[in-house]
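Breakdown of the fold
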Amino acid sequence: MKIFDKKQFLLLVVVWFFIAYFLMWFFGGACLNIFVAPSQVNNVCVANSFLSGLKNIPIINLVLPYNTWVSLFYWFAPIAGFVFAFFGIKWWNNYFKTKEASSIFFVIILIIFLLVGHYITLNWYNGEIATLNSRQGLNVGLFICFDNSTQSCNETVNQLNEEYVAQIQRTGGNTVTQLIMIDYWAELRKNIFLTFVIGVILAWVPLFTINFLEKK
């Protein structure tokens with residue numbers, strides 16, 4: 001049973017997106033300019049000081065506050081994620097004559113896929129930095145931490161680096177390994193990629209909801 005016709009559904013999707021986008025913009029600091037100099041963040045991004053308190057709230061601080069919207073990329077990324085996911089999910093359902101792309105299982109797989117992609121990107125980008133810093137007698141590696149605590153990650157990396165040095169001293173080797181700490185969640189929160197992922201989730205919500213209601 002169809003609850004809404006095509007035009008009504010598209011209107012609801014547009015309204016939903018604008019409401020969600022406004023909330024994302026607010027949680028992005030409510031910046032009044034698409035390009036903000038670091039020295040002007042508190043003046044141009046009117047919600048920035050208010051949002052700083054959210055960093056200490058468990059669960060919420062996993063994704064919020066993400067980095068302040070200080071460039072055009074932050075404004076564009078959630079739109080790109082929304083459009084990509086909305087039309088991608090509809091194409092999947094139409095092509096395979098199914099509703100599985102509107103299911104909870106599908107969006108979980110999609111989110112995992114995107115987060116793994118972010119992990120690969122971190123490895124690739126920071127791996128280049130580690131390679132450039134490696135030299136004779138020093139092998140620089142990466143330690144990507146998922147602890148969601150920068151202090152804990154730093155302590156772990158420091159212990160590992162001290163152990164590598166101790167091993168060289170005991171064995172008399174010529175090359176010591178030292179690790180660069182990469183905080184996965186901290187890097188994700190300040191990256192425009194997070195707003196892209198949220199855009200993907202926002203696109204899935206109305207498709208899942210209409211499918212659920214039609215089944216009922």
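In short, a report on the structure. The model shown is predicted, which means the values in this text are computed figures rather than measured ones. (Residues numbered from 1 in each chain as written. Predicted model: local features only at pLDDT ≥ 70, side-chain atom pairs only at ≥ 80, totals over all residues. Heavy atoms only, no water.)

**Some remarks on the overall build of the chain**
Scanning the chain from terminus to terminus reveals eight helices and two strands. In sequence order, the chain lays out its α and β elements as α-α-α-α-α-β-α-β-α-α. Relative to the 2.2 N^0.38 estimate, which gives 17 Å for 216 residues, the radius of gyration of the chain is 22 Å and therefore markedly larger than a compact globule would have. If one aligns the C-alpha atoms of the chain with their principal axes, the spans along those axes are about 75 × 45 × 30 Å. Counting the 216 residues in the chain, one finds 34% classified as buried. Taking all contacts inside the chain whose residues are at least 6 apart in sequence as the whole, residues at least 24 apart take part in 69%. (Helix = DSSP H or I, 4+ residues; strand = E, 2+ residues; numbered from the N terminus. Rg over C-alpha atoms; globule rule 2.2 N^0.38 Å. Buried < 20%, exposed > 50% of the residue type's maximum accessible area, 1.4 Å probe, protein only. Contact = heavy atoms within 4.5 Å.)

**Some thoughts on the environment of serine 71**
With respect to the element layout, serine 71 can be found in the loop between α3 (48–51) and α4 (72–95). Looking at serine 71, the relative accessible area reads 16%, which means it is buried.

**Things to note about the packing of helix α1 (residues 6–27) against helix α8 (residues 192–215)**
Running from amino to carboxyl end, α1 crosses α8 at an angle of 145 degrees, the nearest separation of the two axes being 11 Å. The element α1 and its partner α8 pack so that their crossing is right-handed. Of the residues in α8, those in contact with Phe9, Val13, Trp16, Ala20 and Met24 of α1 are Thr195, Ile198, Leu202, Val205, Pro206, Leu207 and Ile210. Looking at the contact of α1 with α8 residue by residue, the class counts come to 11 nonpolar, one polar and no charged. (Axes fitted to C-alpha atoms, helices over the stretch in contact; angles between N-to-C directions. Left-handed = near helix turned anticlockwise from the far one by under 90°. Nonpolar A, V, L, I, M, F, W, Y, C, P; charged D, E, K, R; others polar.)

**Some remarks on the state of the cysteines**
Summed over all chains, the structure comprises two disulfides. The disulfide partner of cysteine 31 is cysteine 45, and the S-S distance across this bridge is 2.0 Å. Every disulfide takes its handedness from the sign of the S-S torsion; for cysteine 31 and cysteine 45 that torsion is 95 degrees, giving right-handed. With cysteine 31 in the loop between α1 and α2 (41–44) and cysteine 45 in the loop between α2 and α3, this residue pair connects regions lying 14 residues apart in the sequence. (Disulfide = S-S within 2.5 Å.)

**Thoughts on the pattern of salt bridges**
Overall, the coordinates contain two salt bridges when judged by the stated rule. Between arginine 170 and glutamate 163 there is a salt bridge, and its shortest N-O distance comes to 3.3 Å. Classification of glutamate 163 by relative accessible area gives partly exposed; the value is 36%. Among the ionic pairs, glutamate 187 bridges to lysine 190, the shortest N-O distance being 3.4 Å. For lysine 190, a relative accessible area of 45% corresponds to the partly exposed category. (Salt bridge = Lys/Arg side-chain N within 4 Å of Asp/Glu carboxyl O.)

**Some thoughts on a nonpolar patch on the surface**
Taken together, the side chains of Ile104, Phe105, Ile108, Ile109, Ile112, Val116, Tyr119, Ile120 and Phe146 define a hydrophobic patch exposed on the protein surface, amounting to about 870 Å² of accessible area. Here isoleucine 120 is to be found in helix α5 (residues 104–133). (Patch = residues over 30% accessible without salt bridge, like charges linked within 9 Å, V, L, I, M, F, W, Y side chains within 5 Å. Areas by Shrake-Rupley, 256 points an atom, 1.4 Å probe, with all protein chains shown as cover.)

**With respect to the packing of aromatic side chains**
On inspection of all chains with the given rule, the structure shows 23 aromatic pairs. For the ring pair phenylalanine 26 and phenylalanine 27, a centre distance of 5.6 Å and an interplane angle of 75 degrees mean the geometry is edge-to-face. Overall, phenylalanine 27 belongs to the partly exposed group, its relative accessible area being 26%. With centroids separated by 6.0 Å and ring planes inclined at 25 degrees, the aromatic side chains of tyrosine 119 and phenylalanine 146 adopt a geometry described as stacked. Separated by 27 residues along the polypeptide, tyrosine 119 in helix α5 and phenylalanine 146 in the loop between β1 (138–145) and α6 (150–171) bring together distant segments of the chain. Connected via pairs of aromatic rings, a cluster forms that spans Phe9, Phe17, Phe18, Tyr21, Trp69, Trp75, Phe82, Phe86 and Phe87. (Phe/Tyr/Trp six-rings, centres within 6.5 Å; stacked < 30°, edge-to-face > 60°.)

**Some details on α1**
The first and last C-alpha atoms of α1 sit 31 Å apart over 22 residues, in line with the 32 Å expected at 1.5 Å per residue. Among the residues making up α1, those that are buried are Phe9, Val13, Phe17, Ala20, Tyr21, Met24 and Trp25. Projected down its long axis, α1 carries its buried residues within an arc of 140 degrees, all on one side. Exposed and oriented more than 90 degrees from the buried face of α1 are Lys7, Leu11 and Phe18. Where α1 is buried, its residues touch α4 and α8. You can read the cap of α1 off the contacts: a side-chain oxygen lies 3.2 Å from the backbone nitrogen of lysine 7, and it is on aspartate 5. (Expected span 1.5 Å × (residues − 1). Arc of directions from axis to C-beta. Polar contact = N/O pair within 3.5 Å; in protein donor to acceptor, adjacent residues only side chain to side chain.)

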